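A structural walkthrough
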Amino acid sequence: MADSSVTLFSPIKMAKFNLSHRVVLAPMTRCRALNGVPNPALAEYYSQRSTPGGFLISEGTLVSDTGAGFPHVPGIFSDEQVEAWKKVVDAVHAKGAIIFCQLWHVGRASHGVYQPGGGSPISSTNNPISKRWKILLPDGSHGTYPQPRRLEIHEIPHIVEQYRRAAVNAIRAGFDGIEIHGAHGYLIDQFLKDGINDRTDEYGGSLANRCKFLIQIVQAVVEAIGADRVGVRVSPAIDHLDAMDSDPVSLGFAVIERLNKLQQNIGSKLTYLHVTQPRYAAYGQAESGKHGSDQDEAEFMRTLRKAYQGTFMASGGFTRELGMEAVASGDADLVSYGRYFISNPDLVLRFKLNAPLTKYVRKTFYTQDPVVGYTDYPFLNNTSIKELAVSRL
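So, a few notes on the structure that sits alongside this text. (Residues numbered from 1 in each chain as written. Predicted model: local features only at pLDDT ≥ 70, side-chain atom pairs only at ≥ 80, totals over all residues. Heavy atoms only, no water.)

Here we come to the nonpolar core. Proteins that are soluble and globular tend to have nonpolar side chains buried together. By size, the foremost hydrophobic cluster in this structure holds 86 residues, and its most contacted members are Y46, I76, I178, F213 and L214. With ten residues, helix 5 (residues 207-225) is the largest single contributor of residues to this core. Not counting chain neighbours up to four residues away, the residues in contact with I76 comprise T61, L62, Q81, V82, W85, C101, L103, A166, N169, A170, A173 and F175. If you look at the next biggest cluster of nonpolar residues, it comprises 17 residues, including C31, Y114, W133 and L136. (Core = buried A, V, L, I, M, F, W, Y, C linked by side-chain atoms within 4.5 Å. Buried < 20%, exposed > 50% of the residue type's maximum accessible area, 1.4 Å probe, protein only. Helix = DSSP H or I, 4+ residues; strand = E, 2+ residues; numbered from the N terminus. Contact = heavy atoms within 4.5 Å.)

Have a look at this one:
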């Protein structure tokens, strides 16, 4: 429902969490967790971007040792990783912020170099990602995605269990909840999209069958940690990593229909639904992906937002102005920001003051330096804050 008085800085109750504003740190791979274990650099990075009553979503965090598709991304499947995450979460909580852990498995978007024993990545299909896309390898070069191995039906419950266990581990580590990454061409999306999923069994073909894997994961995680600690991210209209669908609107509706039904059956709402809109820039190699008109994209998101019975988070190419429009019009309750937050750790303050933003340096997005391009972006100084405040009187 439209309410012109609502801004990005209006408080909102998200499940049991009281947020002081609606500017969310989007989950972003940064490749700083050496050997898959969070370190002090991650604690500094997330702490810098924390505000009292603010909401952060961690970078994609692996649910198993077969889940990686980038170098030095963190996991949450071992006790060592759980213990290391505790220090990161504590640093965020010390600032009064709330943080969810994004649970991630890349599926076929991997490579033998990331797989135990150099094995084949798993997926819904035996077909590889096309040569249009390249995978970042540990030595900094880019390679071709290999042929994956189609999961057998009897293997799928084991993958669901990996998500459930990772969710339990996230709560053990102190996270306030988890986000299930069902977007952007990774494992869950490889089941959802008919441009990838070519199965003829109970996990392929119809919309109901293609949604089954995601819903089984959501159900298992909800039963383990509670619906009010669970968010879900999907991207029905994004073709990242060849994740195309012949009817994105119907796919979006099918997912939402099942999430709504799950909420009704358990008598409790999920924390939120997080949807990436079509103007999301694929792979981070370009400033903007191919997309339709702003009006078409806004209508697509509006349609999904109206269908979902709960808190709706939007992401994908939002500026301050577009974010303000989205929450004022009721098209979104929350807006997550990625690249702006990389180079502006005090993004919430800068948005409040309508201050200039620091430009990000793309070449440092996926490096392993614990400082450069990670924790060394500047904050507004007190003089700048006072000058900006006075200029707006």
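Still to come is the rest of the account.
Turning to the pairing of strand 5 (residues 98-104), a few remarks are in order. Of all the seven residues making up strand 5, seven are buried; the element is thus mostly covered by neighbouring parts of the structure. Here strand 5 shows a buried face lined by I98, F100, Q102 and W104 and a second buried face lined by I99, C101 and L103. Inspection of the sheet shows strand 4 (residues 55-62) paired to strand 5 by six bridges, in the parallel sense. By the bridge assignment for strand 5, F55 is matched with I98. Assessed by its sense of winding, the connection that carries the chain from strand 4 through helix 2 (residues 79-94) to strand 5 is right-handed. In this structure, strand 5 lies alongside strand 10 (residues 177-182), joined through four bridges in parallel fashion. Within strand 10, the position partnered with L103 by the bridge is I180. (Pairing = 2+ DSSP bridges. Right-handed = clockwise from strand over helix to strand, strands pointing away.)

Let us now look at the sheet that holds strand 14 (residues 334-337). Pairing is parallel in the closed barrel, where eight strands are placed in the order 3-4-5-10-11-12-13-14. Between one strand axis and the next, the sheet turns by 25° as a mean value, whatever way the strands run. (Axes fitted to C-alpha atoms, helices over the stretch in contact; angles between N-to-C directions.)

Looking at where Y366 falls in the secondary structure, it is placed in the loop between helix 10 (347-353) and helix 11 (382-391). A relative accessible area of 29% places Y366 in the partly exposed class. Sequence spacing of Y366 and G140 is 226 residues, and the spatial spacing of their C-alpha atoms is 9.0 Å.

Further remarks concern the pattern of salt bridges. Under the criterion given, the structure shown has 17 salt bridges. Of the charged contacts in the structure, one is a salt bridge between R258 and E257, with a shortest N-O distance of 3.9 Å. R258 gets classed as partly exposed once you look at its relative accessible area, which sits at 24%. Using a relative accessible area of 53% as the deciding quantity, one classes E257 as exposed. It is possible to trace a salt-bridge network through shared partners that takes in E161, R164 and R165. (Salt bridge = Lys/Arg side-chain N within 4 Å of Asp/Glu carboxyl O.)

All right, on to helix 5 then. If you check helix 5, its first and last C-alpha atoms are 27 Å apart, about what 19 residues at 1.5 Å a residue would give, namely 27 Å. Its axis deflected by about 40° at F213, helix 5 carries its strongest bend there. When we look at burial in helix 5, the residues that qualify are R210, C211, F213, L214, I215, I217, V218, A220, V221, V222 and I225. Tucked into the core, helix 5 has its buried residues touching helix 3 (156-172), strand 10, helix 4 (187-192), strand 11 (230-234) and helix 6 (248-266). The first or second residue beyond helix 5 is G226, which carries a positive phi of 100°. (Expected span 1.5 Å × (residues − 1). Bend = angle between axes of the 7 residues up to and from the residue.)

This part covers the packing of helix 3 against helix 5. Two numbers describe how helix 3 lies on helix 5: the axes approach to 9 Å, and their chain directions differ by 35°. Between helix 3 and helix 5 lies a crossing of right-handed hand. Where helix 3 abuts helix 5, its residues I156, I159, V160, Y163, R164, A167, V168 and I171 lie against F213, Q216, I217, A220, V221, A224 and I225. For the contact of helix 3 with helix 5, the residue count by class is 13 nonpolar, one polar and one charged. (Left-handed = near helix turned anticlockwise from the far one by under 90°. Nonpolar A, V, L, I, M, F, W, Y, C, P; charged D, E, K, R; others polar.)

Turning next to the side chain of T29. With respect to the helices, strands and loops of the structure, T29 is situated in the loop between strand 3 (23-25) and helix 1 (40-48). In contact with T29, not counting residues within four places along its chain, are E59, F70, V73, W104, F365 and Y366.

In short, geometric facts, not functional conclusions.
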